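Architecture and fold: a report
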Amino acid sequence: MVRLITHNLLACHVKGCTTNNFPLVFQDVQVELQEAEFNPDFIRNMLPRLEWTALVNAAKQVGDTSLPLEQPDMMDDELLQKLHHALMEIHIIEGAMVCQNCRHAYPISNGIPNMLLAEHEIG
Amino acid sequence: MPSTEYLFVFAQSHEEFRVPELLSISELYGFTIGFNRYANVLEKAVKRPFMILTLDNEEHAKILAQRCIMIKSVHEFYAEGASYDALHEHNCRARPQWERYIPDTSFKFYVLGYNFTISQRCQHEIIESFAYMDFLGKIDMKDPEVTLTVFEEYESDRAPHGELHKYGEFKQVYFGRLIVDGTARALIGTFNVKKRQYFGNTSMEAEISLLMANQTLASPGKLIYDPFIGTGSMAYTTAYFGALVYGSDIDGRQMHKTPGIIRAAAQYGVASRIMDLCTFDVTNHPWRCGSLFDAIITDPPYGVRAGAKRLGRKKLREDRDRFQYASPRPNEPYIPPTKPYELSQLVTDLVHLARYLLRPGGRLVFFLPTVSDEYAPLDVHAMLCDGMELVANSLQDFGSWGRRLITIKKTSLVEYPPPSFDSVRDAEESGDMYVPAHKDFREKYFQGFKKESES
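Residues numbered from 1 in each chain as written. Chains lettered and ligands numbered in written order. Predicted model: local features only at pLDDT ≥ 70, side-chain atom pairs only at ≥ 80, totals over all residues. Heavy atoms only, no water.

**Some thoughts on the overall build of chain A**
Counting its regular elements, chain A contains four helices and five strands. In chain A, the order of α-helices and β-strands from amino to carboxyl end is β-α-β-α-α-α-β-β-β. Relative to the compact-globule value of 14 Å for 123 residues, chain A shows a C-alpha radius of gyration of 15 Å, a close match. Projected onto its principal axes, the C-alpha coordinates of chain A cover approximately 45 × 30 × 20 Å. Split into buried and exposed, the 123 residues of chain A put 54% on the buried side. Carbon and sulfur atoms provide 46% of the accessible area of chain A, an area that totals close to 5,600 Å². (Helix = DSSP H or I, 4+ residues; strand = E, 2+ residues; numbered from the N terminus. Rg over C-alpha atoms; globule rule 2.2 N^0.38 Å. Buried < 20%, exposed > 50% of the residue type's maximum accessible area, 1.4 Å probe, protein only. Areas by Shrake-Rupley, 256 points an atom, 1.4 Å probe, with all protein chains shown as cover.)

**So, the environment of B:Asn91**
Residue and element names in this part refer to chain B. For Asn 91, the position within the fold is in helix 4 (residues 84-93). The sequence separation of Asn 91 and Met 133 amounts to 42 residues, and the corresponding C-alpha distance is 9.1 Å. Sequence-distant contacts of Asn 91, defined by excluding residues within four places in its chain, comprise Tyr 78, Ala 79, Trp 98, Phe 130, Tyr 132, Met 133 and Phe 175. Reaching out from Asn 91, the side chain makes a polar contact with the side chain of Tyr 132 at a distance of 3.0 Å. (Contact = heavy atoms within 4.5 Å. Polar contact = N/O pair within 3.5 Å; in protein donor to acceptor, adjacent residues only side chain to side chain.)

**Notes on unusual backbone geometry**
For the bond running from A:Phe22 to A:Pro23, omega is -5 degrees, close enough to zero to count as cis. In this structure, A:Pro23 sits in the loop between helix 1 (4-9) and strand 2 (25-33). With a phi angle near 70 degrees, B:Asn115 is a residue other than glycine that sits in the positive phi range. Looking at the secondary structure, you find B:Asn115 in the loop between strand 4 (107-114) and helix 6 (120-128).

**Things to note about the interface of chain A and chain B**
Of the residues lining the interface, 35 residues belong to chain A; the matching set on chain B comes to 43 residues. Buried area between chain A and chain B, both sides added, is near 3,300 Å², and the carbon and sulfur share of it is 58%. If you sort the residues of chain A by the area they bury against chain B, A:Arg49, A:Ile112 and A:Glu119 come out on top, with a joint share of 24%. Here chain A and chain B share three salt bridges between them. A:Glu51 is the salt-bridge partner of B:Arg288, the closest N and O atoms lying 3.7 Å from each other. Scanning the region where chain A abuts chain B turns up 19 residue pairs in polar contact (both at pLDDT 80 or more). Looking at the side of chain A that touches chain B, the elements that each hand over two or more residues are strand 1 (2-3), helix 1, helix 2 (40-46) and strand 5 (112-113) of chain A. It is helix 1 of chain A that contributes the most residues to the side of chain A that touches chain B, four residues altogether. By residue class, the composition of the side of chain A that touches chain B is 18 nonpolar, 11 polar and six charged. (Buried area = accessible area lost by both parts, 1.4 Å probe. Salt bridge = Lys/Arg side-chain N within 4 Å of Asp/Glu carboxyl O. Nonpolar A, V, L, I, M, F, W, Y, C, P; charged D, E, K, R; others polar.)

**A word on the pairing of strand 10 (residues 293-298) of chain B**
Residues and elements named next belong to chain B. Burial analysis of strand 10 places six of its six residues in the buried class, which makes it a mostly covered element. The pairing of strand 10 with strand 13 (residues 358-371) spans five bridges and is classified as parallel. The partner of Phe 293 across the bridge, within strand 13, is Leu 358. (Pairing = 2+ DSSP bridges.)

**What to know about helix 8 (residues 206-215) of chain B**
Since the α-helix packs 3.6 residues into each turn, any two residues three or four apart lie on the same face. Residues and elements named next belong to chain B. In terms of burial, helix 8 is a largely internal element, 10 of the 10 residues being buried. Listed in full, the buried residues belonging to helix 8 are Ala 206, Glu 207, Ile 208, Ser 209, Leu 210, Leu 211, Met 212, Ala 213, Asn 214 and Gln 215. In the segment just after helix 8, Leu 217 is the residue with positive phi, at about 65 degrees.

**Remarks on the pairing of strand 14 (residues 388-397) of chain B**
Residue and element names in this part refer to chain B. Relative to strand 15 (residues 401-410), strand 14 runs antiparallel, the two being bridged by nine bridges. Directly across from Gln 396, in strand 15, lies its bridge partner Arg 403. Remark: three residues form the turn of the hairpin made by strand 14 and strand 15, two consecutive strands paired antiparallel; Gly 399 in that turn has positive phi of roughly 100 degrees.

**Some words on the pattern of salt bridges**
All names here are of chain B. Taken as a whole and assessed by the stated rule, the structure comprises 23 salt bridges over all chains. The shortest N-O distance in the salt bridge between Glu 27 and Arg 363 comes to 3.1 Å. Taken together, the residues Glu 27 in helix 1 (residues 18-29) and Arg 363 in strand 13 connect sequence positions 336 residues apart. In this structure Arg 363 comes out as buried when scored by relative accessible area, which is 3%. Ionic pairing is found between Lys 171 and Glu 155, a salt bridge with its closest N-O pair at 3.5 Å. In this pair, Lys 171 is assigned in the loop between strand 5 (146-153) and strand 6 (172-181) and Glu 155 in the loop between strand 5 and strand 6, connecting sequence segments 16 residues apart. Residue class for Glu 155 comes out exposed when judged on its relative accessible area of 56%. Several salt bridges converge on common partners, so that one network encompasses Glu 58, Glu 76, Arg 100 and Arg 177.

**Digging into the domain arrangement of chain B**
Residues and elements named next belong to chain B. What the domain assignment reports for chain B is domain 1 (4-182) and domain 2 (192-446). In this complex, domain 1 contributes 14 residues to the contact, which on the side of domain 2 involves 21 residues. Note on domain 1 versus domain 2: buried area summed over both sides is about 1,500 Å², and carbon and sulfur give 58% of it. The largest contributions to the domain 1 side of the interface with domain 2 come from Phe 17, Arg 67 and Ile 69, which together make up 40% of the buried area. (Domains from an automatic or database assignment.)

**Comments concerning helix 9 (residues 233-240) of chain B**
Among the eight residues that make up helix 9 of chain B, seven are buried, leaving the element largely enclosed by the rest of the structure. The elements touched by buried residues of helix 9 of chain B are helix 8, strand 7 (223-226), strand 8 (244-249), helix 10 (260-267), strand 9 (274-279) and strand 10 of chain B.

**Quick word on the sheet that holds strand 14 of chain B**
Residues and elements named next belong to chain B. Spatially, seven strands are ordered 9-8-7-10-13-15-14 in an open sheet, and the strand pairing comes out mixed. Two strands in the sheet have a free side with no partner beyond their single neighbour: strand 9 and strand 14. Taken over all neighbouring pairs, the strand axes of this sheet differ in orientation by 15 degrees on average, direction set aside. Sheet topology places strand 7 next to strand 10; two bridges connect them, and they run parallel. In the strand pairing of strand 10, Tyr 225 is matched with Ile 296. Packed on one face of the sheet, helix 8 meets strand 10, strand 13, strand 14 and strand 15 and runs near 145 degrees to strand 13. Most of the contacts of helix 11 (residues 343-357) go to strand 13, to which it runs at about 170 degrees, and overall it touches strand 7, strand 10, strand 13, strand 14 and strand 15. (Axes fitted to C-alpha atoms, helices over the stretch in contact; angles between N-to-C directions.)

**Examining the side chain of B:Thr370**
Secondary-structure assignment places B:Thr370 in strand 13. Other than its neighbours up to four places away in sequence, B:Thr370 contacts B:Tyr375, B:Leu395, B:Trp401, B:Gly402, B:Arg403, B:Arg404 and B:Phe441.

**A closer look at the packing of helix 1 of chain B against helix 8 of chain B**
Residue and element names in this part refer to chain B. The geometry of helix 1 relative to helix 8 is characterised by a closest axis approach of 8 Å and an angle of 45 degrees between their N-to-C directions. Here helix 1 lies oblique to helix 8, going by the angle between them. Taken as a pair, helix 1 and helix 8 cross one another with a handedness that is left-handed. Side by side, helix 1 and helix 8 meet where Pro 20, Glu 21, Ser 24 and Ile 25 of the first sit next to Leu 211, Asn 214 and Gln 215 of the second. Residue composition of the contact of helix 1 with helix 8, grouped by class: three nonpolar, three polar and one charged. (Parallel < 35°, antiparallel > 145°, perpendicular 65-115°, else oblique. Left-handed = near helix turned anticlockwise from the far one by under 90°.)

Structure representation (structure tokens):
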């Protein structure tokens, strides 16, 4: 159940892979929707830490096109609801996240991303 | 400063955890607790099951009783004394506090001994001795409007000369009106590990998991991270208090196949608050940026039942090709090699990682095992770094060893770079390294904590 908020906070961390290592691109994903409690304060607090464009693209990749391309200056309740749905309720159950730079694929299985690196990939 | 005095009755366990818990919950709800009475004697006072603290109003007492695991009950404080004569004299002076209950308030009277069972007959005599209060309302044992309680505090189970206590040999007697019973203690039953869908041999017991969650100031909308999540003991309690929880672990086995943590979280109704569980080594972590979490809570594996591991090899053997194992065989899951992670290095790294990953004001809460004879307060202070301040350090004593619940706060507003995870090695190389007593804890544990000279 990799949520899009999680996807937005993870980058490829292979040794030396420091440019274009975010966002990871979803591959062969299986998606599930699960309801979550709406907490607008939490969404507002997280926004400064999120990469908007990466979120919009990731949402699109899994079939959610409700978010505006540009981050609006004002957050109204309707937008917060959409963000809540995109960030918290879309779960990736199976598939992988692939680094566009070094091509490392992080597999997702049973909703758990395996971010472990191989011996030759660590610093 | 708050002005009204309240009598707090605590559960008689985890003494050193009581005051830090009270302070955490009052900070979370934005009010202060007055410890004026204990200005210079707090260390001694915390060993006793009764404390008289000041609060602005009763609502604060109720908040504390709903959330603090160590509180058994809170009372409006009327009087105390080393004898009943002294208590009654004090209570007469407190008359303005209770005289409004004289004309027409139903009431109930309780007499309780701490470390002593008071006979029915004596209880009756004690209650009679309060006759001068002259309450005119009816006595109602089931649903009274006010409950008045007398607590006799006996030093220990046995009198100083080793025989049983005699009635009346108490140290202090307290009197007050019940405001609220501690309801948070019932959560210890709710989170009982034995009734949990999923647990392991290193799962943290319920009471401690709850105390830890309170130290994080967990509340709705907070984001909390456990970097050694294991079987998730603290994820359930922090999520129960409303927080959203991330967990990671180097060992993915504990999380795969309908993750047990999700099943257990569902049992407590908090599955949707488990944000995600990830498999990675925290020394090679994929978090994209810092200042993410409101708290980091963890019980680092310290090697007795499960040792800490990090990616890498113990030592590279020059006679072997180093890339011999590096790439996985096709169609076989690759399992990278791991090496042991020495405790003092892990702890120093954890503090630095927390400084990077916590938001300003965020807290790091974790257990540090210590060797009782060798521990020095400097062991804890030496692990701190710029921008990280010690909030609490509470010992759970197991005799020759113990573990300390450490609470550290990120006080700095500065954003810090990600840590190198080589801090200890760097310091070792520069030669100005303080060696804390918890270094090589695992080896010391299996040697039975004998000093080198003894073995």
